[in-house]
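# Survey of secondary and tertiary structure
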Amino acid sequence: MTENNTILSIRDLSVRFSLRGRVLHAIRGLSLDVHRGESLAIVGESGCGKSVLNKNLIGLLDSNGFIDEGSIRYYGMEKDESAPDLYGQDENGVYADLAKFKKEKDWLRVRGKEVCMILQDPMTSLNPLKTIGAQIGEAIRLHQGLRGKALKEAVLSIMRDVRIDNPERRYKQYPHEFSGGMRQRVVIAIAIACRPKILICDEPTTALDVTIQAQVLYLLKELKKKYNLTVIFITHDLGVVANIADRVAVMYAGDIVELGMAEEIFYDPRHPYTWALLSSLPQLGVKGEELFSIQGTPPNLFTPVHGDAFAPRNPRALKIDFVERPPYFDVSPTHKARTWLLDPRAPKVEPPKIIQKLNSEGGAGA
Amino acid sequence: MLKYLGKRLARSFITLLIILTIVFVLMRQMPIEGYFPNFDKMTNEQIQNGLALMGMDQPMPVQVLNFFKNLFLHGDLGTSRIYRNNVPVTEILAPKIPVSIQLGSMALIVALVVGIPMGTLMAKYKGRLFDHIGTAFIVFIQAVPAAVYYLFIQLYGTELLGISLIFDEENWVSWVLPVFSMSLGNIAYYAMWLRRYMVDESTKDYVQLAKIKGVSSNRIMFTHIFRNAFVPMAQYIPTSFLNTVVGSIYIESLYSIPGMGGLLVDVVKKQDNNMVQGIVLVFACVGVVGLIFGDLLMVLLDPRISFGSKGGNR
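Residues numbered from 1 in each chain as written. Chains lettered and ligands numbered in written order. Predicted model: local features only at pLDDT ≥ 70, side-chain atom pairs only at ≥ 80, totals over all residues.

### Things to note about the overall build of chain B
The number of helices and strands found in chain B is 13 helices and two strands. Dimensions along the principal axes, computed over C-alpha positions, put chain B at roughly 85 × 60 × 30 Å. When the 314 residues of chain B are sorted by exposure, 29% land in the buried category. Counted over contacts in chain B with a minimum sequence separation of 6, partners at least 24 positions apart contribute 72%. (Helix = DSSP H or I, 4+ residues; strand = E, 2+ residues; numbered from the N terminus. Buried ≥ 20, exposed ≤ 12 C-beta atoms within 10 Å, placed from the backbone. Contact = placed C-beta atoms within 7 Å.)

### Quick look at unusual backbone geometry
All names here are of chain A. Phi angles above zero are rare outside glycine, and D12 is one such case at about 45°. Position of D12 among the secondary structure elements: in strand β1 (residues 6-19). Judged by the 12 C-beta atoms lying within 10 Å of it, D12 falls in the exposed class. In this structure, R163 is a non-glycine residue whose phi angle is positive, near 60°. Inspection of the secondary structure assignment puts R163 in the loop between α4 (148-161) and α5 (167-170).

### Notes on the confidence of the model for chain B
Residues and elements named next belong to chain B. Per-residue pLDDT for chain B has a mean of 85; in total, 96% of the residues score no lower than 70. Here residues 310-314 scores under 50 on pLDDT; set against residues more than four positions off or in separate chains, the count is five contacts. With pTM at 0.82, the complex prediction returns an ipTM value of 0.86. (pLDDT = per-residue confidence, 0-100.)

### Points about the environment of P258 of chain B
As for its placement among the helices and strands, P258 of chain B is situated in the loop between α11 (249-254) and α12 (263-269). Considered as a pair, P258 of chain B and N44 of chain B are 214 residues apart in the sequence and their alpha carbons are 38 Å apart.

### Overview of the packing of helix α4 (residues 89-124) of chain B against helix α10 (residues 236-246) of chain B
Residue and element names in this part refer to chain B. Remark: α4 packs on α10, axes separated minimally by 9 Å, with the N-to-C direction vectors making an angle of 130°. Between α4 and α10, the crossing angle belongs to the class labelled oblique. Considering the relative orientation of α4 and α10, their crossing is right-handed. Residues S100, I101, G104, A107 and L108 of α4 touch α10, and the partners they reach there are F241, T244 and V245. Partitioned by chemical class, the residues of the contact of α4 with α10 number five nonpolar, three polar and no charged. (Axes fitted to C-alpha atoms, helices over the stretch in contact; angles between N-to-C directions. Parallel < 35°, antiparallel > 145°, perpendicular 65-115°, else oblique. Left-handed = near helix turned anticlockwise from the far one by under 90°. Nonpolar A, V, L, I, M, F, W, Y, C, P; charged D, E, K, R; others polar.)

### Examining the sheet that holds strand β3 (residues 39-43) of chain A
All names here are of chain A. What the eight strands build is an open sheet, ordered β7-β8-β9-β3-β10-β11-β13-β12; its pairing is mixed. Among the strands making up the open sheet, the edge pair consists of β7 (115-118) and β12 (329-332). Taking the axes of each pair of neighbouring strands and ignoring which way they run, one obtains an average angle of 20° across the sheet. Direction of pairing for strand β11 (residues 255-261) relative to strand β13 (residues 335-337): antiparallel, over a ladder of two bridges. Residue pairing across strands places L259 opposite K336, the latter belonging to β13. (Pairing = 2+ DSSP bridges.)

### A few points about the interface of chain B and chain A
Note: interface size is frequently given as the accessible area lost on complex formation between the parts. Listed as interface residues are 20 residues of chain B and, on the opposing side, 26 residues of chain A. For the side of chain B that touches chain A, the elements supplying multiple residues, two or more each, are α8 (205-213) and α9 (217-234) of chain B. Counting residues per element, the side of chain B that touches chain A draws most heavily on α8 of chain B, which supplies seven residues. Grouping the amino acids of the side of chain B that touches chain A by side-chain chemistry returns five nonpolar, seven polar and eight charged.

### A closer look at helix α10 (residues 272-279) of chain A
Summarising burial for α10 of chain A: eight of the eight residues are buried, a large majority. Of all the positions in α10 of chain A, only P272, Y273, T274, W275, A276, L277, L278 and S279 of chain A are classed as buried.

### Brief notes about the sheet that holds strand β4 (residues 65-74) of chain A
All names here are of chain A. Strand order across the open sheet formed by five strands is β2-β1-β4-β6-β5, with antiparallel pairing between neighbours. Each of the sheet's edge strands pairs with one partner strand only, and the pair in question is β2 (22-35) and β5 (87-90). Adjacent strand axes in the sheet meet at a mean angle of 15°, parallel and antiparallel pairs treated alike. As judged from the eight bridges shared by β1 and β4, these two strands associate in the antiparallel manner.

### Comments concerning the packing of α4 of chain A against helix α6 (residues 180-193) of chain A
Residues and elements named next belong to chain A. Following both chains from N to C, one finds α4 and α6 inclined at 125°, their axes separated by 9 Å at the closest point. With respect to α6, the axis of α4 lies oblique. Handedness of the α4/α6 crossing: right-handed. Along its contact with α4, which presents I158, M159 and D161, the element α6 presents A189, I192 and A193. Class assignment of the residues belonging to the contact of α4 with α6 gives a composition of five nonpolar, no polar and one charged.

### A few points about the domain arrangement of chain A
Domain boundaries in chain A define domain 1 (1-36 + 60-107), domain 2 (112-245) and domain 3 (268-365). For domain 1 of chain A versus domain 3 of chain A, the distance between C-alpha centres works out to 29 Å. (Domains from an automatic or database assignment.)

### What to know about the environment of A146 of chain B
All names here are of chain B. Along the chain, A146 falls in helix α6 (residues 146-161). Once the C-alpha coordinates of A146 and G185 are considered, the two residues, 39 residues apart in sequence, prove to be 8.3 Å apart. Beyond its immediate chain neighbours, meaning those up to four positions away, A146 contacts G185 and Y250.

### A short note on the nonpolar core
Judged by nonpolar contacts, the single largest core of 146 residues is most densely connected at I136, A189, A191, F233 and V250 of chain A. Top element by residues in this core is helix α7 (residues 173-201) of chain B. It accounts for 12 residues. (Core = buried A, V, L, I, M, F, W, Y, C linked by C-beta atoms within 7 Å.)

### Some words on the pairing of strand β9 (residues 230-235) of chain A
Residues and elements named next belong to chain A. Within β9, six of the six residues are buried, leaving the element largely enclosed by the surrounding structure. Alternating residues of β9 divide into T230, I232 and I234 and V231, F233 and T235, and every residue in both groups is buried. One ladder, built from five bridges, connects β3 with β9; its direction is parallel. Residue S39 lies in a different strand from β9, and its bridge partner there is V231. Relative to β9, strand β8 (residues 198-202) runs parallel, the two being bridged by five bridges. Within β9, the position partnered with I200 by the bridge is I232. Crossover handedness for the path β8 to helix α7 (residues 210-227) to β9: right-handed. (Right-handed = clockwise from strand over helix to strand, strands pointing away.)

Quick look at the structure:
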């Protein structure tokens, strides 16, 4: 993996929200590199900061949230000479620091064209009063500058790309004439029409039923290849992850606790939270036995977190887990985890049986 | 669409018939003393003669039928007895209706032209100075009794414009103050609801998606949010027009405008049956037409609403 393969580098990002006079620390010093052309899945339970993280990439953080430290370096944008302080240069080349973007004028250079996003609920993410054609067309007109007949042609071709049958007729229809799955295709078409370099999919299949889920995921894979996209998936559905992701980042309480190739995360997880997450998969449950569930609740992010955020819910926690925050330990060049268990001085702790089983299956498979 | 309109009009016509019948029958239940200015001095015979002259000695269904026969065959609403003795109702109303309708229409236009941009800007600058000023205005208009500021407008407005306190149909300047006064309530109403609907809409997912697409917030405001926020308001506009016309009693009396705003109350008090029926008919027509327009407007603005019952929409 060469260095200039990085399209996005998030460094020590810290995001806070002020809520009724108190401050919530939603993202706690998170670092993550995203590689050009990969599909990265960010998994974690509700409220761990997945969506907050991604809203930062597109400048849609709620107005009471703010970045107080760190940078989001995006390599792939030309420098805007009128605002030179938003840009910088490092070992990967010229970057735009999205963490410094404040004005709408600056964000309009990023949104759509560089980073685009697919929202969770297709039933509400389309304007009910505009035709599908007009809504896809708006994106094309903005980013590709087409007008009139050429615009319509471009819209129809995108509609074909996302497999909407009979696009000429569908073009003139309104969102209420589409089913949920079809609407999600329209939303995807709008995102693709912007020609983004990074496509963020915020739980794109959660609101759809299982058969449609599979179709939409397949479509996304196809489009990723065709348009050479870098895709970031936010999900808590590990089935989706296994289906589509090259790399997986496991998030817990505003930080990435484990990061690795999909096979490494599924077959050789190292962080106790990843163990717990995988153990609670219904597919791994044994018939007749109660399904595993993680005890306790995520930490209160209004108060500072000491040590490993997962320690209070972790039956295998070490004493140091409650005192000091673990650094990342490399498991392989592509796999790292933030747990003291990987420290050479740590006692040998066996992962749960279910994980050991996965491990041996993966080993046998490889 | 034409078929729907036809059906709709036919139904409205029946509604009008029902309204008129009910009003007609109710008015006939009033004590007969009211029909004669000098009832105390009349003999029983004179009273019976008088009633017979008005056709009121006949059974109720016959009276109703006669009323409708006169209305549809001769366009005759009867004659006024007390308001202006022996003058046909149509003759009394004819000059008054256009004045009221004109005043009402102008007030409505002013309210739309001022209220809609005001609501839009308040939503756009939500929580900022303009929003606060607008909110203060709305609260003032809604909380202070209209009579208070109507009087102020009349006293200081006429002085400022250098015109007489009394309305003069020929002089356009004298239209300004009544129209302005009449539109104030609706300006506040439109601005308040539009702001509210726009603020609601702006948190919707489709607005988020438009932002993600890279559409500027000004464009989103006008091309996405405004239309969505305007749909729920549209259906009330014709109704508020009606309210403006009916509710102009005080303004019409302040400026001595020869409209029909105050007329209804007046003739009800005087128990002038034929006049009441005539005015109710006019108001009911305006109301029914207003409702039809409101629905038409909704259909034009919102593709999810369609004519007829089997639109096939979810």
